[in-house]
Amino acid sequence: MFKLNGTVFMPSVLTLVGIPGLESVQAWIGIPFCAMYIVALFGNSLILVIIKSERSLHEPMYLFLAMLGATDIALSTCILPKMLGIFWFHLPKIHFDACLLQMWLIHTFQAIESGILLAMALDRYVAICHPLRHVAIFTHQLLTQIGVGVTLRGALLVAPCLILIKCRLKYYWTTVVSHSYCEHMAIVKLAAEDTRINKIYGLFVAFSVLGFDIIFITVSYIQIFITVFSLPQKEARLKAFNTCIAHICVFLEFYLLAFFSFFTHRFGFHIPPYIHILLSNLYLLVPPLLNPIVYGVKTKQIRDRVSHIFHSKNAS
């Protein structure tokens, strides 16, 4: 790495600021972030253990929930250890290639989570609108194909972002990243070269993943609501609608935070930087925290199994 005309050529190490403007209180911010991470790890691990051990839960809805829990654990683990290292132990340095790897993992897991939420919506659509065909359609083979498909979609779509940075951008104004983790646009903004292709491809990935998924999720739920409200019995309507409540809460929480973070990061020029970074952090931390809580509260089978585990421990 060497400097040329005020720019840095191919930096080997970057410096993550953390939360710009809040450096003096980052140690305190790390406490609730760490608590959220621990709760997310415990909650999602508990969900995985329950679904794995209870054969009656080896159904599409719960297997998708297990995929979601595993993705949430991986996503939060990609950012929290390094973030807490910045906040608590003043370890802001990260190798450039490690930063690109973290960026790829984060955005890949975001795309995987979005794909799983779409699969869960389609599962509810078939279960409610075409109940007699649900078992025939959502076979274990299809579930495996969906899991592999959403993983490959995320990994392959995000990979060019990494390649475009590594191969196209050689000169950088600074090595200081005004963020608490390696985010695509935060790295691209450091470059002293034309970054239009990088920005355009980043927007393409965001809209082709989130945009595509949210359109199909919305269409699925419109069809679900039409079917539910056309049922003749009130009890049947309530039962069908109740099976979707947890999914709707998770969809809203994930996509509202995603779009709010996305648009403030790119177009909120008058919003203080620490708001951008806090929103980005919460976008990655809140869904892993809330997903097991929402499903644990709203799903009777999981709720009963959790109660059984803790009651048996208390009894012993």
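Only a predicted model underlies this, so the values are computations on that prediction, with no experimental measurement involved.

Student: I tried to follow the confidence of the model for the protein chain on my own but got confused; where do I start?
Tutor: Note that predicted coordinates carrying low pLDDT should not be read in detail. Per-residue confidence for the protein chain gives a mean pLDDT of 88; residues scoring 70 or more make up 95%. Put simply, strand β1 (residues 2–4) is where the protein chain has its lowest mean pLDDT, 61, and strand β4 (residues 93–95) is where it has its highest, 96.

Student: Sorry, what's going on with the packing of helix α3 (residues 96–129) against helix α5 (residues 140–168) here?
Tutor: Geometry of a packed helix pair, given as the angle between the helix axes and the separation of the axes. It is at 8 Å that the axes of α3 and α5 come closest, and there the two elements cross at 145°. In this structure, the crossing between α3 and α5 has a hand that is right-handed. Considered class by class, the residues forming the contact of α3 with α5 number 17 nonpolar, six polar and three charged.

Student: When you look at the UniProt feature "transmembrane region" (unreviewed entry) in the protein chain in this model, what are you seeing that I'm missing?
Tutor: Those places that UniProt annotates as "transmembrane region" (unreviewed entry) correspond, in this numbering, to residues 27–51, 63–89, 101–122, 142–165, 200–228, 240–262 and 274–297. Helix makes up 100% of residues 101–122 and strand 0%. Its end C-alpha atoms lie 31 Å apart.

Student: Please explain the layout of surface pockets as it appears in this structure.
Tutor: One simple way to see leftover space: roll a probe sized like a water molecule over the atoms. One number sums up the size of the largest pocket: a volume of about 340 Å³. Every element with two or more residues in the lining of the largest pocket is listed here: α2 (60–89), α8 (234–267), α9 (273–298) and α10 (300–315). With five residues, α8 is the single largest residue contributor to the lining of the largest pocket. In terms of residue class, the lining of the largest pocket is made up of five nonpolar, six polar and six charged.

Criteria and thresholds
- Residues numbered from 1 in each chain as written.
- Predicted model: local features only at pLDDT ≥ 70, side-chain atom pairs only at ≥ 80, totals over all residues.
- Heavy atoms only, no water.
- pLDDT = per-residue confidence, 0-100.
- Helix = DSSP H or I, 4+ residues; strand = E, 2+ residues; numbered from the N terminus.
- Axes fitted to C-alpha atoms, helices over the stretch in contact; angles between N-to-C directions.
- Left-handed = near helix turned anticlockwise from the far one by under 90°.
- Nonpolar A, V, L, I, M, F, W, Y, C, P; charged D, E, K, R; others polar.
- UniProt positions renumbered as here; feature names shortened; annotations may be inferred.
- 1 Å grid on protein atoms, 1.4 Å probe; cavity = no way out; pocket = protein on both sides within 12 Å on 5 of 7 lines; lining within 4 Å.
- Points joined across faces, edges and corners; volume = space filled by probe spheres on them.

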